[in-house]
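# Secondary and tertiary structure notes
What follows is each chain in one-letter form.
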Amino acid sequence: EDQVTQSPEALRLQEGESSSLNCSYTVSGLRGLFWYRQDPGKGPEFLFTLYSAGEEKEKERLKATLTKKESFLHITAPKPEDSATYLCAVLKNAGGTSYGKLTFGQGTILTVHP
Amino acid sequence: GEEVAQTPKHLVRGEGQKAKLYCAPIKGHSYVFWYQQVLKNEFKFLISFQNENVFDETGMPKERFSAKCLPNSPCSLEIQATKLEDSAVYFCASSPWGGRKPEAFFGQGTRLTVV
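Overview of the structure. If you're wondering where the values come from, they're calculated on a predicted model, not measured in any experiment.

### Some details on the sheet that holds strand β3 (residues 19-26) of chain A
Residue and element names in this part refer to chain A. Pairing is antiparallel across the open sheet formed by five strands, whose spatial order is β1-β3-β8-β7-β6. At either end of the open sheet lies a strand with only one pairing partner, and these are β1 (3-7) and β6 (56-59). Pairs of neighbouring strands in the sheet enclose a mean axial angle of 15 degrees, with direction left out of account. Both β3 and strand β8 (residues 70-75) contribute to a ladder of six bridges, which runs antiparallel. Note that in β8 the partner of S19 across the bridge is I75.

### Side note on the interface of chain A and chain B
The parts lose accessible area when they come together, and the size of an interface is often stated as this lost area. Each partner contributes residues to the interface: chain A has 25 residues there, and chain B has 24 residues. Our enumeration of links across chain A and chain B arrives at four residue pairs in polar contact (both at pLDDT 80 or more). Among the secondary structure elements, those contributing two or more residues to the side of chain A that touches chain B are β4 (30-38), β5 (45-50), β9 (84-92) and β10 (102-104) of chain A. For the side of chain A that touches chain B, the per-class residue count stands at eleven nonpolar, ten polar and four charged.

### Topic: the packing of aromatic side chains
By convention here, two paired aromatic rings are described through the distance between centres and the angle between planes. Scanning all chains against the criterion turns up 16 aromatic pairs over all chains. Geometrically, the ring pair formed by F104 of chain A and Y35 of chain B is edge-to-face, given 5.5 Å between the ring centres and 85 degrees between the ring planes. Taken together, the residues span two chains, with F104 of chain A in strand β10 and Y35 of chain B in strand β4 (residues 31-37). When sorted by exposure, F104 of chain A lands in the same class as Y35 of chain B, which is buried. Here a set of aromatic residues connected by ring pairs shows up, and it is made of F34, Y36, F46 and F104 of chain A together with Y35, F43, F45, F91, F105 and F106 of chain B.

### What about the pattern of salt bridges?
Taken as a whole and assessed by the stated rule, the structure comprises nine salt bridges over all chains. The partner of D2 of chain A in a salt bridge is K92 of chain A, and the shortest N-O contact between them spans 3.6 Å. Of this pair, D2 of chain A sits in the segment before β1 while K92 of chain A sits in strand β9; the two residues are 90 residues apart in sequence, bridging distant segments of the chain. Judged by its relative accessible area of 22%, D2 of chain A is partly exposed. In this structure, K62 of chain B engages E57 of chain B in a salt bridge whose closest nitrogen and oxygen atoms are separated by 3.8 Å. We classify K62 of chain B as exposed; its relative accessible area is 57%. Residue E57 of chain B is classed as partly exposed on the basis of its relative accessible area of 35%. When salt bridges that share partners are traced, they join K18, K20 and E78 of chain B into one network.

### Here we look at unusual backbone geometry
Cis geometry is adopted by the peptide bond preceding P8 of chain A, which originates at S7 of chain A and carries an omega value of -10 degrees. Mapped onto the secondary structure, P8 of chain A falls in the loop between β1 and β2 (10-14). A cis amide bond, omega -10 degrees, links T7 of chain B with the succeeding residue P8 of chain B. You can see P8 of chain B is positioned in the loop between β1 (5-7) and β2 (10-13).

### What to know about the sheet that holds strand β8 (residues 75-79) of chain B
Residue and element names in this part refer to chain B. If you trace the four strands from one edge of the open sheet to the other, you get β1-β3-β8-β7, paired in antiparallel fashion. The sheet is open, and its two borders are formed by β1 and β7 (65-68), each paired with just one other strand. The average angle at which neighbouring strand axes cross in this sheet is 15 degrees, direction not considered. With four bridges joining them, β7 and β8 adopt antiparallel strand pairing. Among the inter-strand pairings, A67 is bridged to a residue of β8, identified as L77.

Rules used in this analysis
Residues numbered from 1 in each chain as written. Chains lettered and ligands numbered in written order. Predicted model: local features only at pLDDT ≥ 70, side-chain atom pairs only at ≥ 80, totals over all residues. Heavy atoms only, no water. Pairing = 2+ DSSP bridges. Helix = DSSP H or I, 4+ residues; strand = E, 2+ residues; numbered from the N terminus. Axes fitted to C-alpha atoms, helices over the stretch in contact; angles between N-to-C directions. Contact = heavy atoms within 4.5 Å. Polar contact = N/O pair within 3.5 Å; in protein donor to acceptor, adjacent residues only side chain to side chain. Nonpolar A, V, L, I, M, F, W, Y, C, P; charged D, E, K, R; others polar. Phe/Tyr/Trp six-rings, centres within 6.5 Å; stacked < 30°, edge-to-face > 60°. Buried < 20%, exposed > 50% of the residue type's maximum accessible area, 1.4 Å probe, protein only. Salt bridge = Lys/Arg side-chain N within 4 Å of Asp/Glu carboxyl O.

It is worth stressing that arrangement in space is one thing and function is another; only the former is reported here.
Next comes the structure, spelled out in structure tokens:
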């Protein structure tokens, strides 16, 4: 069965204190791994897609990396506005032109204190 | 449109009443998904569509839940005879799929409260 596990469940940082969030996955035939940010009362906001081991993507203070078993979301010098829940999701390859299924982890709640 | 539009934002129903949620996907996106978000951040997959065709409905409690995506109309998710445990936020997402663009974009959700 496909599984996505995120750690830690919650992370509290001081402004400027860099850290990493982890997403471990078990899926046969990975099509892509996605990172989303979700603010309270809002829908998930797309951040990155990673397709293959070794790939890296960056956006402002965020950098996502991928290995064959896990992905990391590195946050460099975070600011209070980076506080949110960060979700990881995997898309399984259904073959051909079929989309497949998006499976989510349970998220990491990040709080950045000024 | 350029974003997934979900209506209503909030919906309150008495137990046993019907609830109907709507989703307008991003124009040009051929895949639509419905997810249920309950306790903490758990996202439960319900159903997906490729255009107006059901693609994967393995997550749907079929006895009370139904969904449609008809041409030139918003997609809909309907719950007959709601139960207390149906209280959740329901998210719709759409994706263009095709080639190297499998990203799914989410709407702001409909919060359903069953009392």
